[in-house]
Amino acid sequence: MWQTIGHSGTIELLQRAIKRGGLSHAYLLVGPPHIGKMTIAIDIAMALNCRAEPDKKPCGECVACKKIAAGRHSDVQVLSLNQNGSDDSKEKTEIGIDLIKDMLHSASLPPFEGYYRVYIIDEASNLSMEAANRLLKTLEEPIGKIIFILLTANSGLIPITVVSRCQKLKLARLKTLEIEKALNERWQIEPEKALLLARLSHGCLGWAVEASHKSDLPAERSAQFEKMQTIVKGGYSERFAAASIIAQQFAKKREAVYETLDTWAGWWRDILLAKTGCHSDIISLDFEPALAEMARTYTLFQINAVIKYIREAGVQLKQNANSRLVLEALMLNIPKVPETTAPGA
Ligand SMILES: [Zn+2]
């Protein structure tokens with residue numbers, strides 16, 4: 001049984017190809033982080049090396065399936081940034097040529113214990129140009145029972161010559177209901193938490209599963225929400241101080257700031273939904289009363305404008321604008337909560 005949840009169109013296509021022996025020698029799985037690319041890749045590796053009857057592959061129970069699941073099968077290899085050479089002191093920014101050369105050397109040998117050699121390259125946009133060119137040569141001249149599976153969130157960052165040699169499979173976000181059901185049934189997460197995580201996951205089951213293990217997630221979210229509340233209730237000094245802190249964070253860890261802006265945009269989207277009476281679509285169910293209160297405080301025009309300002313700030317930061325100026329402008333653009341109707345007042 002395939003372990004992948006959702007993505008039924010992709011799984012059916014792969015199943016048919018495996019059944020008739022018509023798998024492509026290289027696949028490029030494209031989709032946002034935590035959407036299930038690695039799970040599908042592992043499923044393909046299992047289906048190709050499983051020792052069960054053809055219509056039961058991948059069984060998940062034979063020695064081959066178990067070894068692949070545990071990352072211990074000698075014919076299935078995952079390459080990622082984390083394995084980039086032996087010098088751990090250097091920051092790893094690329095999957096280098098040496099790793100690809102080693103991989104291609106082992107690919108020239110027949111499968112050792114299974115039926116197919118499967119090479120999974122996690123976030124293939126991290127391949128150095130030299131490594132991508134070396135891999136390209138092999139992709140142009142497919143050899144024997146070898147399958148390459150490249151995973152990426154953005155195929156635009158991979159040389160087009162490599163992309164054109166792979167069968168591209170785009171993975172769509174899962175439906176909230178699909179994720180909620182999976183969390184409930186496979187991971188035995190209680191209904192209320194499963195619903196919240198499913199809504200917060202933006203269609204990425206892997207994110208929801210990871211978040212379910214974090215015992216501090218509610219506290220983290222409360223702290224973030226409080227920070228946003230401090231800004232909307234605060235005067236100039238609080239707002240400039242917040243901009244300065246976030247700008248400092250941006251200098252060290254850009255992704256964290258993009259995430260914060262996404263979270264804020266999500267809350268303001270929820271405020272918009274509360275304002276327009278679309279309560280069933282609200283994502284942050286854990287803050288629903290406070291969001292509803294904010295919806296009463298602001299006009300529809302103001303809420304829409306804040307969402308636009310947050311989005312614009314994100315775009316400007318990605319375009320390398322001066323982060324402090326961008327964040328200060330954002331802080332000043334968020335309308336202040338009138339004292340008399342402040343949430344909780
Ligand atoms: Zn099996």
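Residues numbered from 1 in each chain as written. Predicted model: local features only at pLDDT ≥ 70, side-chain atom pairs only at ≥ 80, totals over all residues.

Engineer: Any chance you could explain the sheet that holds strand β1 (residues 26-30) here in plain terms?
Structural biologist: Strand pairing within a sheet occurs via backbone hydrogen bonds; the two strands may be parallel or antiparallel. Read from one edge to the other, the open sheet built from five strands follows the order β2-β3-β4-β1-β5, with strand pairing classed as parallel. Because the sheet does not close on itself, it has two edges, and the strands there are β2 (76-79) and β5 (167-170). Neighbour-to-neighbour, the strand axes of this sheet turn through a mean angle of 20 degrees, independent of strand direction. (Pairing = 2+ DSSP bridges. Helix = DSSP H or I, 4+ residues; strand = E, 2+ residues; numbered from the N terminus. Axes fitted to C-alpha atoms, helices over the stretch in contact; angles between N-to-C directions.)

Engineer: Where do I start with the nonpolar core in this structure?
Structural biologist: One broad rule of soluble globular proteins: the nonpolar side chains tend to lie buried together. Counting residues in hydrophobic clusters, the biggest one holds 85 residues, and the most contacted among them are I44, I149 and I271. Among the elements that make up this core, the one with the highest residue count is helix α2 (residues 37-49) (eight residues). Among all residues touching I271, those that are not within four sequence positions of it are L291, M294, A295, Y298 and I303. (Core = buried A, V, L, I, M, F, W, Y, C linked by C-beta atoms within 7 Å. Buried ≥ 20, exposed ≤ 12 C-beta atoms within 10 Å, placed from the backbone. Contact = placed C-beta atoms within 7 Å.)

Engineer: So what exactly am I meant to see when it comes to the packing of helix α4 (residues 97-107) against helix α5 (residues 129-140) here?
Structural biologist: Any two packed helices are characterised by how steeply their axes cross, that is the angle between the axes, and by the distance between the axes. Contact pair α4 / α5: the axes reach a minimum separation of 8 Å and the direction vectors enclose 20 degrees. For the element pair α4 / α5, the angle class is roughly parallel. Pair α4 / α5 crosses with right-handed handedness. On α5, the residues that touch I97, I100, K101, L104 and A107 of α4 are E130, A131, R134, L135 and T138. Tallied by class, residues from the contact of α4 with α5 come to six nonpolar, one polar and three charged. (Parallel < 35°, antiparallel > 145°, perpendicular 65-115°, else oblique. Left-handed = near helix turned anticlockwise from the far one by under 90°. Nonpolar A, V, L, I, M, F, W, Y, C, P; charged D, E, K, R; others polar.)

Engineer: Explain the confidence of the model for the protein chain to me, please; I cannot follow it from the model alone.
Structural biologist: Per-chain confidence: the protein chain averages 90 in pLDDT, with 95% of residues scoring 70 or above. Here residues 341-345 is a poorly scored stretch, pLDDT under 50, and it has seven contacts once near neighbours within four places are set aside; other chains count. (pLDDT = per-residue confidence, 0-100.)

Engineer: When you look at helix α15 (residues 323-333) in this model, what are you seeing that I'm missing?
Structural biologist: Because each turn of an α-helix spans 3.6 residues, side chains separated by three or four positions end up pointing in the same direction. For α15, the complete set of buried residues consists of S323, V326, L327, L330 and M331. Viewed end-on, α15 has its buried residues packed into an arc of 130 degrees, placing them on one side of the element. On its buried face, α15 is in contact with α10 (217-233), α11 (236-252) and α14 (300-318). (Arc of directions from axis to C-beta.)

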